[in-house]
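# Commentary on secondary and tertiary structure
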Amino acid sequence: MEFLEQYNLSGLVIGMATFLIIGLFHPLVIKGEYYFGVKCWWVFLLMGIGATVFSIMLENLFWSTLAAVWGASSFWSIGELFEQRTRVRKGWFPENPNRKK
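About the cut-offs
Residues numbered from 1 in each chain as written. Predicted model: local features only at pLDDT ≥ 70, side-chain atom pairs only at ≥ 80, totals over all residues. Heavy atoms only, no water. Helix = DSSP H or I, 4+ residues; strand = E, 2+ residues; numbered from the N terminus. Patch = residues over 30% accessible without salt bridge, like charges linked within 9 Å, V, L, I, M, F, W, Y side chains within 5 Å. Areas by Shrake-Rupley, 256 points an atom, 1.4 Å probe, with all protein chains shown as cover. Salt bridge = Lys/Arg side-chain N within 4 Å of Asp/Glu carboxyl O. Core = buried A, V, L, I, M, F, W, Y, C linked by side-chain atoms within 4.5 Å. Buried < 20%, exposed > 50% of the residue type's maximum accessible area, 1.4 Å probe, protein only. Contact = heavy atoms within 4.5 Å.

## Structural notes on unusual backbone geometry
Despite not being glycine, Asn8 has its phi angle at roughly 55 degrees, a positive value. Note on placement: Asn8 falls in the loop between helix 1 (2-6) and helix 2 (10-36).

What follows is the structure in structure tokens.
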């Protein structure tokens, strides 16, 4: 941490980590909708609430920011999950033939 602060790299690392977190949530939404449909929205809600509360509890700005990004990405993924259902209906993504409707 001291290294990041000494060389003013905290913002750069937070930016890169944010990019990676958002990139992680994209396949989570796609796979979640494929295997579970939109019924798994509550998992993203619980992750978002947990990460937001964790962010508030953390004193270190670096880790608090990353937890907040995780929480915001979780909340955003709820809407993306329902959008993914629309994309599947349009034929842009494959539908799981084994999942019961």
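Still more to cover.
## Considering a nonpolar patch on the surface
Among the surface-exposed residues, Trp41, Trp42, Val43, Leu46 and Phe82 lie close enough to one another that they form a single nonpolar patch of about 480 Å² accessible area. Turning to its location among the elements, Trp42 is positioned in helix 3 (residues 41-57).

## Some words on the nonpolar core
Grouped together as the largest cluster of nonpolar side chains are nine residues: Ile21, Phe25, Val29, Val38, Cys40, Phe44, Val69, Ile78 and Leu81. Elements supplying a minimum of two residues to this core: helix 2 and helix 4 (61-89). Setting aside residues no more than four positions away along its own chain, Phe44 makes contact with Phe25, Leu28, Val29, Ser74, Ser77, Ile78 and Leu81. Residues Leu4, Ile14, Ala17 and Phe62 belong to the second largest nonpolar core, which totals five residues.

Spatial relationships are all this shows, so hold off on functional conclusions.
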